[in-house]
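Working through the structure, step by step
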Amino acid sequence: MASNQRPLSPGSRPAPAAPRSVLAALTEGPGRAARVTHTEHLPPRPGRHAEWPDPIRPELVDAVRAAGIERPWEHQALAAAHALDGESVVVATGTASGKSLAYGLPVLNALLEGSEAPNGRGATALYLAPTKALAADQRRAVGGLTAPLGKAVRAAVYDGDTPYEEREWVRQYANYVLTNPDMLHRGMLPAHPRWASFLRALRYVVVDECHTYRGVFGSHVAQVLRRLRRVAARYGAEPAFLLASATAADPGVSAGRLTGVPVTEVTEDTSPRGELVFALWEPPLTELTGERGAPVRRTATAETAELLTDLTAAGVRTVAFVRSRRGAELVSVIAQERLGQVDRSLPGRVAAYRGGYLPEERRALERALHSGELLGLAATTALELGVDVSGLDAVLLAGYPGTRASLWQQAGRAGRRGQGALAVLVARDDPLDTYLVHHPDALFRQPVESTVLDPDNPYVLAPHLCAAAAEIPLTEADLALFGPAAAGLMPQLEQRRLLRRRGGAWYWTRRERAADLTDIRGQGGRPVQVVEAATGRLLGTVDAAAAHSTVHEGAVHLHQGRTYVVRQLHLDDPDGAVALVEAESPPWSTVARDTTAVSVLETETEVAWGAGRLCFGSVEVTHQVVSYLRRKLITGEVLGETKLDLPPRTLRTRAVWWTVTEDQLDAARINPEVLPGALHAAEHASIGMLPLFATCDRWDIGGVSVPLHPDTLLPTVFVYDGHPGGAGFAERAFRTAREWLTATAEAIASCECDSGCPSCVQSPKCGNGNDPLHKRGALRLLTELLRAAPHGSAPASGTAPTPPPP
């Protein structure tokens, strides 16, 4: 759809400290003001300084002052003092509150003291970031700060992008190594004898953006950190952990669960903050109709691209966060096309940034953003975390990012030097987004979510026990470090001939590397390489778990603003899976469709809801991508469906499910014709609302509804974790079921449509084409179910874990 608002003129850029003026300019024009459903004003806040902690060396204080910081904020000084005393500490204060200095002071102080040791290696420190971009950014910051200190601080990045010829220098000479959990898991811990001198002197381990370590990924990282503690102890080191997060609930508890050690929390933010204007923006309805004749709103992608165009044309430095790689590319392409109509020099000042790019492409984009060469960037969450993009005036969020923690993390990218900033959440046509833009208290009056992780998940724990045994043979005394489930898994690992017990220890018995048993990001195998068929040029990679739905034959693939179509997908290639693509520009995008079936393996706990039941337990999910839709760009109109022949995949995981009886159906006036659509609509809406209660994204979870399920013999709705062994999301749903399903019913009831639409009960990933759906039946069904719901659902019981896979 064409824009109904001309971009702001290039010379009309408001002052960075006036975000209200920027918003006012965006809302000019027919129908624009009506799209803002709520505006939240967060006032500026003054800061409170403290004196430098006494143990900090004077030359370090001088270096920090030379960087423009005369005195620390109170929370920086307090966190540094705890760390200097040898305590593990988590700093959980706002975005741009100076957390890097809070943990940097004790780290750099220790390195300075260690540089005076006879061998110059008296102390070392390890920095862990969830992304390569953040580690590289921190390396630049450390280099700038410590330049006056000479060679006392030898900081170096050690990750998959580090050239092999540099890695030996890092191992031998660096005393501050910046890396990520993946490299620690696969590269450093398995080769710990080569890191012996570094590990022997390890004083601090920094865990930045610790709130991102949630779900399966967080559970894996928790076990990697336990392996690190064990290996460090082998060399006589017991490092303190310094954790940082702008957004974490119960940060001390969460950090303790992650690291396995007691952690002191510092939560009062004493830094100054500029004004933040936060607008909630709902795209308008279009004249188009979607599946089953449902009304269709303008897409968040198109709306975000238009806003990015306006802001860039006005000289407002902006990052637009988009939830998918394809979406980020599409926003960039649309904005570039529209900017070219305003000024031929402007398209080159907007780009896309996402995972899957080659290392040199990422570095070039980061430099262009730092230098100001780029005015606008459409980015995935690869740029969300901590990367210093100071000077930004505005942030656009194309859809709710899944958690309040991510929402504030992304919004905090703007205004990082104390100037005023604008944030705009552009709602997708989705139940949760629609609910939030009309219920702003759910965003602005609620705390961020608790971090959900389960280090005892046997699918997580088993491969790390194997990796630990390969690093240093495991003993009975070691098992307590890995949690209470470890002892019960050892006989199973012996039976599978993964470990062998000799004397009082278990040994890894196989020739392959134990660290290769698991991908800690839960991506299910080696990435699929995306290769240009005509040239053999590697364009990038796609996660293995996403390959069936994103690079199937016929899929449209975007890379650096160019459009490609997948011609062949080779999943069984001995050299690794490959998707062969050709450059084309079709006027559509593609969306995969799938079918899913669920069988109950074990009901671990259940609660009576009247005659119905709310249950939690283990299930097996069979999933198969069967077709894909072609949708018009911008409007999303469906052009056609193409069948696919891809193998099914099975998943053993955790689920929450609820059943209803014939009497309840009669009370809700649900007849057999209405029942499938009512269950299906309730399933879709509940999946859409769960991210409000658990730290998940709707793409982290799945669901199935069945009018008569063979295991329950009743009408049943399942919602399951989309990760092997579970990720804690379904358990959270079980514990908050009354509140979760009440919000689901409210979201359905408050939607203005007649018979169901993407804003209430339609799902963007439904394998059945959103058919059947019965909006009113779903509301009656949920109302009847909730009528008998207890006011508190019992927590899931701690039963024996599901056996690990071979």
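Here is what the cut-offs are and how they apply
Residues numbered from 1 in each chain as written. Predicted model: local features only at pLDDT ≥ 70, side-chain atom pairs only at ≥ 80, totals over all residues. Heavy atoms only, no water. Pairing = 2+ DSSP bridges. Helix = DSSP H or I, 4+ residues; strand = E, 2+ residues; numbered from the N terminus. Axes fitted to C-alpha atoms, helices over the stretch in contact; angles between N-to-C directions. Buried < 20%, exposed > 50% of the residue type's maximum accessible area, 1.4 Å probe, protein only. Polar contact = N/O pair within 3.5 Å; in protein donor to acceptor, adjacent residues only side chain to side chain. Expected span 1.5 Å × (residues − 1). Core = buried A, V, L, I, M, F, W, Y, C linked by side-chain atoms within 4.5 Å. Contact = heavy atoms within 4.5 Å. Parallel < 35°, antiparallel > 145°, perpendicular 65-115°, else oblique. Left-handed = near helix turned anticlockwise from the far one by under 90°. Nonpolar A, V, L, I, M, F, W, Y, C, P; charged D, E, K, R; others polar. pLDDT = per-residue confidence, 0-100. Phe/Tyr/Trp six-rings, centres within 6.5 Å; stacked < 30°, edge-to-face > 60°. Lys NZ or Arg CZ within 6 Å of the ring centre and 35° of its normal.

Before going further, it helps to spend a moment on the sheet that holds strand 1 (residues 36-42). The strand order across the open sheet built from 7 strands is 1-9-16-15-12-14-13, with neighbouring strands paired in mixed fashion. The sheet is open, and its two edges are formed by strand 1 and strand 13 (350-353), each paired on a single side. Between one strand axis and the next, the sheet turns by 15° as a mean value, whatever way the strands run. Sheet topology note: the strand 12 (residues 318-322)/strand 15 (residues 394-398) ladder contains 5 bridges and is parallel. Looking across to strand 15, one finds that T318 is bridged to A394.

This paragraph deals with unusual backbone geometry. Phi angles above zero are rare outside glycine, and E209 is one such case at about 50°. By the element assignment, E209 lies in the loop between strand 6 (202-207) and helix 9 (215-234). Judged by relative accessible area, which is 4%, E209 ranks as buried. Positive phi is not limited to glycine here, since L713 has a value of about 60°. Tracing the backbone shows L713 in the loop between strand 29 (701-706) and strand 30 (716-721).

Position of R654 relative to the elements: it lies in strand 28 (residues 649-659). Engagement of the side chain of R654 in a polar contact is seen with the side chain of E604, the distance being 2.4 Å. One polar contact links R654 to S618, side chain to side chain, over a distance of 2.7 Å.

Attention now moves to helix 11 (residues 300-313). The end-to-end C-alpha distance of helix 11 is 20 Å, a good match for the 20 Å that 14 residues give at a rise of 1.5 Å each. Counting buried positions along helix 11 yields 13 of 14 residues, so the element is predominantly enclosed. At the exit of helix 11 stands G315, carrying a positive phi of roughly 80°.

If you look at the biggest cluster of nonpolar residues, it comprises 92 residues, and the most contacted ones within it are F278, W609, W658, L690 and W740. With 8 residues, helix 22 (residues 675-689) is the largest single contributor of residues to this core. If we ignore the near neighbours within four places in the chain, the residues touching W740 are V656, S686, M689, L690, F693, V719 and A733.

Structurally, the position occupied by L60 is in helix 2 (residues 58-66). Other than its neighbours up to four places away in sequence, L60 contacts L105, L108, N109, L112 and L149.

Moving on: the sheet that holds strand 22 (residues 556-559). The mixed open sheet is built from 5 strands, whose spatial order is 21-20-24-23-22. A single partner strand is all that each edge strand has here, and the edge strands are strand 21 (538-542) and strand 22. Geometrically, the sheet is characterised by an average inter-axis angle of 35° between neighbouring strands, direction not taken into account.

As a further point, take the packing of helix 22 against helix 24 (residues 737-750). Contact pair helix 22 / helix 24: the axes reach a minimum separation of 9 Å and the direction vectors enclose 115°. The angle between helix 22 and helix 24 places the two elements in the roughly perpendicular class. With respect to the hand of their crossing, helix 22 and helix 24 are arranged in right-handed fashion. Residues A682, A685, S686 and M689 of helix 22 form the contact with helix 24, whose participating residues are W740, L741, A743, T744, A747 and I748. Looking at the contact of helix 22 with helix 24 residue by residue, the classes come out as 8 nonpolar, 2 polar and no charged.

What follows concerns the confidence of the model for the protein chain. Taken over all residues, the pLDDT of the protein chain has a mean of 87, while the share at 70 or more is 91%. Counting interchain partners and residues more than four positions distant, the pLDDT-below-50 stretch residues 1-15 has 41 contacts.

Further remarks concern the packing of helix 11 against helix 12 (residues 325-342). Relative orientation and spacing of two packed helices are given, respectively, by the angle between their axes and the distance between those axes. Direction vectors running N to C along helix 11 and helix 12 enclose 45°, while the axes themselves pass 8 Å from each other. Classified by the interaxial angle, the pair formed by helix 11 and helix 12 is oblique. Of the two elements, helix 11 crosses helix 12, and the hand of that crossing is right-handed. Across the interface between the two elements, T301, A302, T304, A305, E306, L308, T309, T312 and A313 from helix 11 touch G327, L330, V331, I334, A335, R338 and L339 from helix 12.

Glancing now at the packing of aromatic side chains. Applying the stated rule across the entire model yields 10 aromatic pairs. Between W195 and F198, the aromatic rings sit 5.7 Å apart at their centres with planes inclined by 80°, giving edge-to-face as the arrangement. By the burial criterion, W195 is buried, and F198 matches it. Aromatic ring contacts, followed pair by pair, group Y158, W195 and F198 into a single cluster. Sitting over the face of the ring of Y158, R167 holds its NZ or CZ atom 5.7 Å from the ring centroid. The lysine or arginine in question, R502, covers the ring of Y507, its NZ or CZ lying 4.3 Å from the ring centre.

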